Amino acid sequence: MSPMVAFVHIAVLVMMIIAAFLAVILKNLLSAVIALSAASLLLSLEFYLLHAPDVAIAEAGIGAALTMAIFIFAIRATKK
Amino acid sequence: MKGEMSIIVKTITKLIYGFIMVYGFYVIVHGHLTPGGGFQGGAIVASAFALLVVTYGNQGVNNYLKKDVFSLVESTGLVLFIAFAFFGLGVTFFYNFLANSGGLFGNPAIIGVNPGDLNTGGTVPIMNIAVGLEVLAALTVIILTMSAASEITKEKEN
Amino acid sequence: MKKSIFGIALIFVLAFMILAAFDMRPFGEPTVSEMDDYYIQNAQAETGANNVVTSIVFDYRGFDTLGEATVLFTAVLGITALFREVVR
């Protein structure tokens with residue numbers, strides 16, 4: 001693994017940890033859900049970097065899009 | 001109407017949901033040539049439907065996206081999948097009886113790295129389409145049911 | 001007190017995970033590779049599909065996909081039954 005590729009891997013993983021941490025500490029529910037979706041999208045990018053494009057497409061479709069839609073329905077049903 | 005999003009989100013949704021659907025169907029149909037397949041393509045098409053439901057609310061899409069139609073499509077996909085698994089029963093369950101036969105999807109593939117021919121793969125493309133229909137309908141039914149349930153629950157509480 | 005116990009447990013779990021990561025094989029070199037070699041050499045000729053992953057998922061290992069489709073069907077069944085009062 002060349003140093004450039006290793007650097008991209010480490011950058012994606014660090015950004016994933018930051019996004020997951022934001023999803024925990026953010027007070028606004030919609031912002032937290034968007035941070036969770038960003039973590040999922042970065043995970044799909046990591047799958048693509050590891051030469052697994054099938055898993056990457058599934059993760060981007062299910063984890064980043066559909067889960068977020070269901071979370072938004074749940075947030076709409078709560079009281080402000 | 002309540003449950004809707006702002007005019008910015010509506011305009012962007014009108015622009016891109018068709019492209020998302022076409023890309024999803026592309027992933028389903030080219031499942032035996034490019035990365036992806038029935039499950040991934042179905043999830044992409046279902047995410048386009050989810051975008052519509054999130055943007056316009058359950059009331060807004062009620063007349064266009066019927067739950068019964070999607071339920072029927074889901075059962076059709078699953079039945080098609082199992083039927084093509086049983087058609088290979090002359091040899092084994094899930095036998096690829098169409099591959100290299102010269103008929104539908106029956107061209108032999110060129111060995112080695114090549115762009116690929118859509119008319120290859122035997123039962124693999126048919127199974128892709130069946131599973132794609134099943135997944136897109138199943139996920140859309142889940143999204144529609146949950147959005148309707150959340151809106152009705154909120155109405156009851158107010 | 002509780003927080004310090006949690007912290008110590010977290011440090012132990014992290015240490016074991018990092019130690020286990022040093023023991024992993026190099027990326028892309030599996031221990032047993034007879035089945036992989038068979039798929040890579042024969043999948044294109046036997047199924048006619050260029051994408052070997054799809055030919056495994058839908059042809060060689062079709063039962064897995066059947067189970068996955070059944071799981072999804074059961075999930076829809078469960079959600080429809082759960083919200084039957086609200087949605088009709």
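Positions within a chain are numbered from 1, following the residues in the order the chain's sequence is written. For naming, the first written chain is A and the first written ligand is 1, with later ones following in the order written. pLDDT decides what is reported in this predicted model: residues at 70 or higher carry local features, side-chain atom pairs at 80 or more are listed and counted, and totals for whole chains, interfaces and linings draw on all residues regardless. No hydrogens and no water enter the side-chain calculation; it runs on all heavy atoms of the structure.

### Digging into the overall build of chain B
Broken down by element type, chain B carries 4 helices and 0 strands. Helices (α) and strands (β) of chain B occur, in sequence order from the N terminus, as α-α-α-α. For the radius of gyration, the atoms used are the C-alpha atoms, and the globule rule reads 2.2 Å times the number of residues raised to 0.38. In terms of overall dimensions, chain B is more spread out than a globule: its C-alpha atoms have a radius of gyration of 19 Å, far above the 15 Å expected for 158 residues. Across its three principal directions, the C-alpha atoms of chain B cover 60 × 30 × 20 Å. The 158 residues of chain B split such that 48% are buried. Where helices and strands are cited, they refer to DSSP runs of H or I of at least four residues and of E of at least two residues respectively, numbered from the N terminus. Residue burial is assigned from relative accessible area. The probe radius is 1.4 Å, only protein chains are included, and a residue is buried under 20% of its type maximum, exposed over 50%, and partly exposed in between.

### Things to note about the packing of aromatic side chains
Classification of ring pairs uses Phe, Tyr and Trp, with its six-membered ring standing for Trp, and accepts pairs whose centres are within 6.5 Å; under 30 degrees between planes counts as stacked, over 60 as edge-to-face, and the remaining range as tilted. Tallied over the entire structure, the rule returns 12 aromatic pairs over all chains. Judged by centre distance (5.0 Å) and plane angle (75°), the rings of Phe93(B) and Phe94(B) are edge-to-face. Judged by its relative accessible area of 6%, Phe94(B) falls in the buried class. With 5.7 Å between their ring centres and 65° between their planes, Phe94(B) and Phe63(C) make a pair best called edge-to-face. Taken together, the residues span two chains, with Phe94(B) in the loop between α3 (67–87) and α4 (123–157) and Phe63(C) in helix α4 (residues 62–82). Looking at Phe63(C), the relative accessible area reads 55%, which means it is exposed.

### As for the environment of Glu74(B)
For Glu74(B), the position within the fold is in helix α3. Residue classification places Glu74(B) among the buried residues on the basis of a relative accessible area of 2%. Put simply, Glu74(B) and Val135(B) are 61 residues apart on the chain and 7.2 Å apart in space, counted from C-alpha to C-alpha. If we skip the residues at most four places from it in the chain, Glu74(B) touches Glu134(B), Ala137(B), Ala138(B), Leu72(C), Phe73(C) and Val76(C). Note on definitions: a residue-residue contact is assigned when non-hydrogen atoms from the two residues lie within 4.5 Å.

### Some thoughts on the confidence of the model for chain B
Values of pLDDT, which run from 0 to 100, indicate the predictor's confidence residue by residue. Of all residues in chain B, 98% have pLDDT values of 70 or greater, and the mean over the chain is 88. The weakest mean pLDDT in chain B belongs to α4(B) at 89; the strongest belongs to helix α1 (residues 7–29) of chain B at 93.

### Topic: the packing of α4(B) against α4(C)
For helices, the axis comes from a line fit to the C-alpha atoms of the stretch in contact; other axes are also lines fit to C-alpha atoms, and the angle between any two N-to-C directions lies between 0 and 180 degrees. At a minimum axis separation of 10 Å, α4(B) and α4(C) run at an interaxial angle of 20°. When the axis of α4(B) is compared with that of α4(C), the two are roughly parallel. Between α4(B) and α4(C) lies a crossing whose hand is left-handed. Contacts between α4(B) and α4(C) involve Val131(B), Glu134(B), Val135(B), Ala138(B), Leu139(B), Val141(B), Ile142(B), Thr145(B) and Met146(B) from the first element and Thr65(C), Ala69(C), Leu72(C), Phe73(C), Val76(C) and Ile79(C) from the second. Polar here means any residue outside two lists: the nonpolar Ala, Val, Leu, Ile, Met, Phe, Trp, Tyr, Cys and Pro, and the charged Asp, Glu, Lys and Arg; Gly therefore counts as polar. Tallied by class, the residues present in the contact of α4(B) with α4(C) amount to 12 nonpolar, 2 polar and 1 charged. By definition in this entry, angles of less than 35 degrees are roughly parallel, angles greater than 145 are roughly antiparallel, angles of 65 to 115 are roughly perpendicular, and the rest are oblique. Should the near helix be turned counterclockwise from the far one by less than a right angle, the crossing is left-handed, whereas a clockwise turn marks it as right-handed.

### Regarding the nonpolar core
Across soluble globular proteins, nonpolar side chains have a tendency to be buried as a group. Side-chain atoms within 4.5 Å link the members of a nonpolar core, which is a set of buried Ala, Val, Leu, Ile, Met, Phe, Trp, Tyr and Cys residues. The biggest cluster of nonpolar side chains holds 43 residues, and the ones touching the most others in it are Phe49(B), Phe70(B) and Phe81(B). Listed by contribution, the elements that provide at least two residues to this core are α3 (53–77) of chain A, α2 (38–61), α3 and α4 of chain B together with α4 of chain C. Take this core: its biggest share by element is 14 residues, from α4(B). Among residues more than four places away in sequence, those in contact with Phe70(B) are Phe49(B), Leu65(B), Leu136(B), Ala137(B), Thr140(B), Val141(B) and Leu144(B).

### Side note on the interface of chain B and chain C
With 45 residues of chain B in contact, the opposing surface of chain C contributes 24 residues. Note on definitions: buried area is the accessible-area loss of two parts on being combined, 1.4 Å probe, summed for both. Contact between chain B and chain C buries roughly 2800 Å² in total, counting both sides, with carbon and sulfur atoms accounting for 69%. In what follows, salt bridge is the name for a side-chain nitrogen of Lys or Arg lying within 4 Å of a carboxyl oxygen of Asp or Glu. Linking chain B with chain C are 0 salt bridges. In protein, a polar contact requires one atom able to donate a hydrogen and another able to accept it; more generally it is a pair of N or O atoms within 3.5 Å, and residues adjacent in sequence count only if both atoms are side-chain atoms. Where chain B touches chain C, the interface holds 13 residue pairs in polar contact (both at pLDDT 80 or more). Within the residue set of the side of chain B that touches chain C, elements represented by two or more residues are α2, α3 and α4 of chain B. Looking at the side of chain B that touches chain C, the element that brings in the most residues is α4(B), giving 16 residues. Grouping the amino acids of the side of chain B that touches chain C by side-chain chemistry returns 25 nonpolar, 17 polar and 3 charged.

### A few points about α4(C)
The α-helix winds at 3.6 residues per turn, so residues separated by three or four positions along the chain end up facing the same way. Between its first and last C-alpha, α4(C) extends 30 Å over 21 residues, near the 30 Å set by a 1.5 Å rise per residue. Lining the buried residues of α4(C) we find α3 and α4 of chain B together with α3 (52–60) of chain C. Under the convention used throughout, the expected extent of a helix is 1.5 Å for every residue step, that is, one less than its residue count.

### Considering unusual backbone geometry
Not every positive phi belongs to a glycine, and His51(A) is a case in point at roughly 65°. Judged by its relative accessible area of 68%, His51(A) is exposed. Although it is not a glycine, Phe94(B) adopts a positive phi angle of roughly 65°.

### Here we look at the side chain of Glu46(A)
Mapped onto the elements of the fold, Glu46(A) is located in helix α2 (residues 29–49). Within the buried set, Glu46(A) has no salt-bridge partner at all; the shortest N-O distance to an opposite charge, 19 Å, is to Arg25(C). If near-sequence neighbours (up to four positions away) are discounted, Glu46(A) is found in contact with His9(A), Val12(A) and Leu13(A). When charges are counted, neither His nor the chain ends are considered; positive counts come from Lys and Arg and negative counts from Asp and Glu.

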